[in-house]
Amino acid sequence: MVQPPSAAFAQPPRSPQWNWPYWPIVPLYPYGQRRTLCRELIPDSLWVLEQIQGIFYVTVPIRMTVVRLQKGGLLVYAPVAPTPECVGLMRGLEQRHGTVRHIILPTVTGIEHKVFVGPFARRFPQATVFVAANQWSFPLDLPLPWLGLPWRRTQILPTDSSAAPFGDEFDYASLGPLSLGLGPFEEVAFFHRSTRTLLLTDTIIGIDPDPPAVVQLNPFPLLFHGRDHALDSVTDSPEVRRKGWQRICLFGLYFRPSALRVTGWVQSFQDAAQGRDRSRANYFGLFPVQWGEEWQQSFAALRGEGRLLVAPILQTLILSRDPQSTLAWADRVSRWPLQRIVPCHFSAPLAATPQQFRAAFTFLEQDTRFKGGWAGWRRRSLPEADLQVLRRFSQILDDTGLAPPAQTRSVQ
């Protein structure tokens, strides 16, 4: 029997070392098999452990950061899935630098981060778990032990970072809580003084034109999105991987960028019936989209020559609902002498200055010194055409009162 073209790519090897048995709680690709890549960013001081996750092969890195403490031991910021492979990599770091002493949950909103903290903490029973304040859950607001966090070892982060047991090495500042209707948004930025490294969860990202190494461990999602039409075969090349990655970025950050054309279902099923690969891994041949030629311009504008970026989703749906609090937090963080940023998603590390970090949030500022509009020299906007779907969703939130209305802060 002849295998479909995608078979060699869509069925990567499996290993008990990659098992993540709790994947049904948050059923994101790659489900129960998660590979982990460990990278040392600063010798003997700072590491990242990366996995991937996504929906419909729109897969991006998710990362935790491990920092060696000066007094011995390790601090873990935003744990990932504690698969046997991940835990084994951590044991190697522990053998050289001491046990995991502190585990940080720096968000109250990101369920894709929360779901790993309890299982990770159980693998490192000597660690204390510190969580951002104002934790909540939906549809029932449950106490932390009911969410799997060890109740004897879980504490709320002190308001003053100097009161934390690691306060002699870290500063931190909380963005929020920002009211979103169902529950607040909150993220805690950690600054490691000795390495001048800023640790963030979701607020800042950076995008490289080439796919990260962890995404390439299983290239099928890249190859799937690197096609131009449903009838195209899944083929592998550096060019296809690069194209697939850039389209994944557009999908993941805009949902529906302006260059994306949605094919009608009748045409989609007709195309699927004519395709060579109707395997389950290839979604039975369904590929109900086409990309206009302008997609490359959209990606170039999104990447912005490597600039720091607040994700469009956060710009339109979350941070714009409380610009005053967001900018006050950005002002506070920009007073730290940072040299690099390590976010939980997309590329890392990101070389950055405090001024570059602060400039990423100028989309929230309306300069009233110029009549009737935004001062282009103050900020570089994303293409309005690519933001249309997010703008419409934001307007629905405004009209229904599900969230406070979006706004900007005037700059005199």
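Quick caveat: nothing in here was measured; it's all calculated off a predicted structure.

**Student:** Before we move on, can you summarise empty space enclosed by the protein with the specific residues and values?
**Tutor:** With the rule as written, the count across this model stands at 2 cavities of 30 Å³ or more. When its volume is computed, the largest cavity comes out at roughly 80 Å³. If you trace the largest cavity, you find 11 residues lining it, with Leu-231, Asp-232, Ser-233, Arg-276 and Asp-277 closest to the centre. Class assignment of the residues belonging to the lining of the largest cavity gives a composition of 4 nonpolar, 3 polar and 4 charged. Its boundaries defined by the atoms lining it, the second largest cavity holds a volume of some 40 Å³. The element best represented in the lining of the second largest cavity is helix H3 (residues 111-123), accounting for 3 residues. Classifying every residue of the lining of the second largest cavity by side-chain character gives 8 nonpolar, 1 polar and 2 charged.

**Student:** Hey, could you go over the sheet that holds strand S2 (residues 46-55) for me, with residue numbers and the actual values?
**Tutor:** Spatial ordering of the open sheet is given by S1-S2-S3-S4-S5-S6-S7, a layout of 7 strands whose pairing is mixed. Whereas interior strands pair on both sides, the edge strands pair on one side only; in this sheet they are strand S1 (37-42) and strand S7 (154-156). Ignoring which end each strand starts from, the neighbouring axes of this sheet average 25 degrees apart. Both S1 and S2 contribute to a ladder of 5 bridges, which runs antiparallel. Across the sheet, residue Arg-39 finds its bridge partner in S2, namely Val-48.

**Student:** Quick rundown of the packing of helix H5 (residues 238-254) against helix H7 (residues 295-303)? Include the residues and the values.
**Tutor:** Packing of H5 against H7 brings their axes to within 10 Å, and their N-to-C directions diverge by 70 degrees. Between H5 and H7, the angle is such that the two are roughly perpendicular. Classified by chirality, the crossing of H7 by H5 is left-handed. Two secondary-structure elements touch here, H5 through Lys-243, Gln-246, Arg-247, Cys-249, Leu-250, Leu-253 and Tyr-254 and H7 through Trp-295, Ser-298, Phe-299 and Leu-302. Considered class by class, the residues forming the contact of H5 with H7 number 7 nonpolar, 2 polar and 2 charged.

**Student:** Help me get a handle on the pairing of strand S9 (residues 184-192), residues and values and all.
**Tutor:** Within S9, 9 of the 9 residues are buried, leaving the element largely enclosed by the surrounding structure. Residues of S9 alternate between two faces, with Pro-184, Glu-186, Val-188, Phe-190 and His-192 on one and Phe-185, Glu-187, Ala-189 and Phe-191 on the opposite face, all of them buried. The pairing of strand S8 (residues 170-179) with S9 spans 8 bridges and is classified as antiparallel. Residue pairing in the sheet places Ala-173 in a bridge with Ala-189 of S9. Taken together, S8 and the strand that follows it, S9, pair antiparallel across an intervening segment of 4 residues, in which Gly-181 is found at a positive phi of about 100 degrees.

**Student:** Which residues make up the packing of aromatic side chains, and what are the values?
**Tutor:** Counted according to the given criterion, the structure contains 25 aromatic pairs. Here Phe-224 and Phe-287 contribute two aromatic rings whose centre-to-centre distance is 5.5 Å and whose plane-to-plane angle is 75 degrees, an arrangement assigned as edge-to-face. One end of the pair, Phe-224, is in helix H4 (residues 220-225); the other, Phe-287, is in the loop between helix H6 (265-274) and strand S12 (289-291), with 63 residues separating them in the sequence. Each member of the pair, Phe-224 as well as Phe-287, carries the same accessibility label: buried. Between Trp-291 and Trp-295, the ring centres sit 6.4 Å apart and the planes meet at 65 degrees, which makes this aromatic pair edge-to-face. What makes Trp-295 buried here is its relative accessible area of 7%. Linked through ring pairs, Trp-23, Tyr-29, Tyr-31, Tyr-57, Phe-220, Phe-224 and Phe-287 together constitute an aromatic cluster. For the cation-ring pair, Arg-227 lies above Phe-224, with the distance from its terminal atom to the ring centre recorded as 4.6 Å.

**Student:** How would you sum up the pattern of salt bridges? Please name residues and give values.
**Tutor:** On inspection of all chains with the given rule, the structure shows 14 salt bridges. Put simply, Arg-247 and Asp-228 hold a salt bridge, and the shortest N to O gap is 2.7 Å. Taken as a pair, Arg-247 in helix H5 and Asp-228 in the loop between H4 and H5 lie far apart in primary sequence, 19 residues in all. Overall, the relative accessible area of 1% leaves Arg-247 in the buried class. Note that Asp-398 is salt-bridged to Arg-321, the shortest N-O span being 2.7 Å. With Asp-398 in helix H11 (residues 388-400) and Arg-321 in the loop between helix H8 (312-317) and helix H9 (323-333), the pair connects residues that are 77 residues apart, well separated along the chain. Owing to a relative accessible area of 25%, Asp-398 belongs among the partly exposed residues under this scheme. By sharing partners, the salt bridges in this structure join Arg-39, Glu-50 and Arg-63 into a single network.

Rules of the game
- Residues numbered from 1 in each chain as written.
- Predicted model: local features only at pLDDT ≥ 70, side-chain atom pairs only at ≥ 80, totals over all residues.
- Heavy atoms only, no water.
- 1 Å grid on protein atoms, 1.4 Å probe; cavity = no way out; pocket = protein on both sides within 12 Å on 5 of 7 lines; lining within 4 Å.
- Points joined across faces, edges and corners; volume = space filled by probe spheres on them.
- Nonpolar A, V, L, I, M, F, W, Y, C, P; charged D, E, K, R; others polar.
- Helix = DSSP H or I, 4+ residues; strand = E, 2+ residues; numbered from the N terminus.
- Pairing = 2+ DSSP bridges.
- Axes fitted to C-alpha atoms, helices over the stretch in contact; angles between N-to-C directions.
- Parallel < 35°, antiparallel > 145°, perpendicular 65-115°, else oblique.
- Left-handed = near helix turned anticlockwise from the far one by under 90°.
- Contact = heavy atoms within 4.5 Å.
- Buried < 20%, exposed > 50% of the residue type's maximum accessible area, 1.4 Å probe, protein only.
- Phe/Tyr/Trp six-rings, centres within 6.5 Å; stacked < 30°, edge-to-face > 60°.
- Lys NZ or Arg CZ within 6 Å of the ring centre and 35° of its normal.
- Salt bridge = Lys/Arg side-chain N within 4 Å of Asp/Glu carboxyl O.

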